[in-house]
Amino acid sequence: MKRIIVLSFFMLCFFSCEKELLEKKPIIGATEENFYKTASDAVSAVNGAYAALQFELTPAGHFRWFWGDIFSDDSTTGGSGPNDQPDLQAMENFQGLTDTEYLESEWAADYEGIYRANIVLERVPDIEMDLDLKNRVLGEAKFIRAWFFYNLVTLFGDVPLVDHVLAPSEYNMPRTPAAEVWALIEQDLTEAIADLWTRSRYSLEDLGRITKGAAQGLLLKTYMYQSKWTEAQAMASDIISSGEYQLAADYAQIFTEAGENNEESVFEIQYMNASGGNWGRNNANEGTFTNVFQRARGQFEGFGFNLPTQDFVDEFFKEGFEDPRLQATVFRVGDFMGDRGQFSKEATGYPHEYYSKKYFNSKSEEAPFGDPNPNGGTNDRVIRYADVLLMHAEAAYHNGDEASARNSLNDVRKRVALDAVTISGPALLNAIYHERRVELGLEGHRYFDLIRTGRAAAILGPLGFKEGVNEVLPIPLSQIQATNGAITQNPGY
């Protein structure tokens, strides 16, 4: 069953930035002064913060797979050719554009999500309501704030630490060292873990809400990014021992409609195909654009972005045979693309050998009304239990616990009937890296894995990556100008 968080909190102009909010006159009905009174108000407020998780075009695209896949060696931009989204293609080659709407949209969407979470964290504590529910709402808001700061610090490094609703005099806030941003993320998630409900406690109608396991998973990723191996192994062990998650029996089903919010899902951003969303500044959409953006062109009616590379496909043959996960990850010539027909270069109109399969939707799964393109129904699988197991394996390796590392690695391999590994030393670490690439391929992880493990220069150097520069993206020029230089640019851009 798929649970969509209803966007019910329109009353306080959540779809505008903070400065715009301060300048608007109240409409008849709910206002900021009379809204935060009841438990229903609290839930509606945090639902408004949830909505920011769904932002993808605000107004330009800022998909997780832009940064995690296209910026890596796993895929290329694609589209209709070199003149389709030229800024994105330049950024893919690490040409360091600073005046581009892609970066501006990512920055703005992340800070809008932080603003919405801050509203909840400041106003809900004063509401008289059931304490357990209040703590859950506040825990969800803390997770959402941590998630958006996680996006910002991994993409841009030092960023303004907006941990409260800003007064007009604070709009020109400078950047804060990344270490302090990481500290706030850790604090928010640690506090959220204490108050959030476990997955099994929710009823089916609330499936998809943020859980204790989701907060643990994001804190685990936070520890991994900072190479805090001891803390990471302990956190991963807590998730594993909770009994809340297990690997889905069929790898190929994970990315189907039936596989949404399954037993492997730790954190999944919810989308639906029947919200009636449209193009434009899509703050109100509950459908995803990923389906149409990644689907092949021609008779398959897609835009053809995020094309798998030959190097990525070759990774599935590294052990001397075809890894069975390739068939569930990549379309190859001759494959049937759902109910849309058989993949041939003639049918797409382009010479590409491969297309991404994980976010493919069949014609029968399209929106029942309105334009199907902004109303894709495929959830974004952000953290899966397999990811947790592989992070546990990597952290255990760095802690000298190779037995635990092999156990978690082999648990993932066993699901697709691969032989257990018995190796040790650097070969074991490389096996974990390989497993992450084939298990989590085209799910937005690869670029960030290369950055955090220090392998980006060696692997992405031939694609234009410069060590000491491209570990972070450039700060949007619009933000430097808007703050009169209080926000500064990253080195090398």
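Remember, it's a predicted structure, so these values are computed and weren't measured experimentally.

Asker: Would you mind going over the overall build of the protein in detail, with residue names and values included?
Answerer: Tallying secondary structure elements over the protein gives 19 helices and 6 strands in all. Based on the C-alpha atoms only, the size of the protein along its principal axes is roughly 65 × 50 × 50 Å. Taking the contacts inside the protein whose residues are at least 6 apart along the sequence as the reference set, 70% of them involve residues at least 24 apart. By element, 51% of the accessible surface of the protein is carried by carbon and sulfur atoms, the whole surface being about 18700 Å². Of note, the protein has its 43 positive side-chain charges centred 1 Å away from the centre of its 72 negative side-chain charges.

Asker: Now, about the pairing of strand S6 (residues 380-384): what can you tell me, with residues and values included?
Answerer: Most of S6 is tucked away: 5 of the 5 residues are buried. Where strand S2 (residues 265-269) lies against S6, 4 bridges are found, and the strand directions are antiparallel. In the strand pairing of S6, Ile 269 is matched with Asp 380.

Asker: Lay out the nonpolar core with the relevant residues and their values.
Answerer: Judged by nonpolar contacts, the single largest core of 120 residues is most densely connected at Trp 67 and Phe 143. Broken down by element, the residue count for this core peaks at 15 residues, all from helix H7 (residues 131-156). Among all residues touching Trp 67, those that are not within four sequence positions of it are His 62, Met 91, Tyr 102, Leu 103, Glu 106, Leu 155, Tyr 447, Phe 448 and Leu 473. Counting residues in each nonpolar core, the second largest holds 9 residues, with Leu 307, Phe 331, Phe 343 and Phe 360 among its members.

Asker: Tell me about the pattern of salt bridges, and please be specific about residues and values.
Answerer: Two side chains bearing opposite charge may form a pair once their charged atoms approach each other closely. Taken as a whole and judged by the stated rule, the model has 41 salt bridges. Ionic pairing is found between Arg 452 and Glu 394, a salt bridge with its closest N-O pair at 2.8 Å. Taken as a pair, Arg 452 in helix H17 (residues 446-452) and Glu 394 in helix H14 (residues 385-398) lie far apart in primary sequence, 58 residues in all. Taking the relative accessible area as the measure of exposure, Arg 452 reaches 12% and is therefore buried. It is possible to trace a salt-bridge network through shared partners that takes in Glu 264, Glu 319, Asp 323, Arg 325, Lys 358, Arg 384, Arg 413, Arg 415, Glu 435, Glu 439 and Glu 443.

Asker: An account of the packing of helix H6 (residues 101-123) against H7 is requested, with residue identities and associated values reported.
Answerer: Two elements in contact, H6 and H7, have axes separated by 9 Å at closest approach and are oriented at 155°. Accordingly, the angle class assigned to the pair H6 and H7 is roughly antiparallel. Our pair here, H6 against H7, has a crossing hand that is left-handed. Where H6 abuts H7, its residues Leu 103, Glu 106, Trp 107, Ala 109, Asp 110, Tyr 111, Gly 113, Ile 114, Ala 117, Asn 118, Val 120 and Leu 121 lie against Val 137, Leu 138, Ala 141, Lys 142, Ile 144, Arg 145, Phe 148, Phe 149, Asn 151, Leu 152, Leu 155 and Phe 156. Across the contact of H6 with H7, the residue classes tally to 17 nonpolar, 3 polar and 4 charged.

Cut-offs applied
- Residues numbered from 1 in each chain as written.
- Predicted model: local features only at pLDDT ≥ 70, side-chain atom pairs only at ≥ 80, totals over all residues.
- Heavy atoms only, no water.
- Helix = DSSP H or I, 4+ residues; strand = E, 2+ residues; numbered from the N terminus.
- Contact = heavy atoms within 4.5 Å.
- Areas by Shrake-Rupley, 256 points an atom, 1.4 Å probe, with all protein chains shown as cover.
- Lys, Arg positive; Asp, Glu negative; His and termini not counted.
- Charge placed at Lys NZ, Arg CZ, Asp CG, Glu CD.
- Buried < 20%, exposed > 50% of the residue type's maximum accessible area, 1.4 Å probe, protein only.
- Pairing = 2+ DSSP bridges.
- Core = buried A, V, L, I, M, F, W, Y, C linked by side-chain atoms within 4.5 Å.
- Salt bridge = Lys/Arg side-chain N within 4 Å of Asp/Glu carboxyl O.
- Axes fitted to C-alpha atoms, helices over the stretch in contact; angles between N-to-C directions.
- Parallel < 35°, antiparallel > 145°, perpendicular 65-115°, else oblique.
- Left-handed = near helix turned anticlockwise from the far one by under 90°.
- Nonpolar A, V, L, I, M, F, W, Y, C, P; charged D, E, K, R; others polar.

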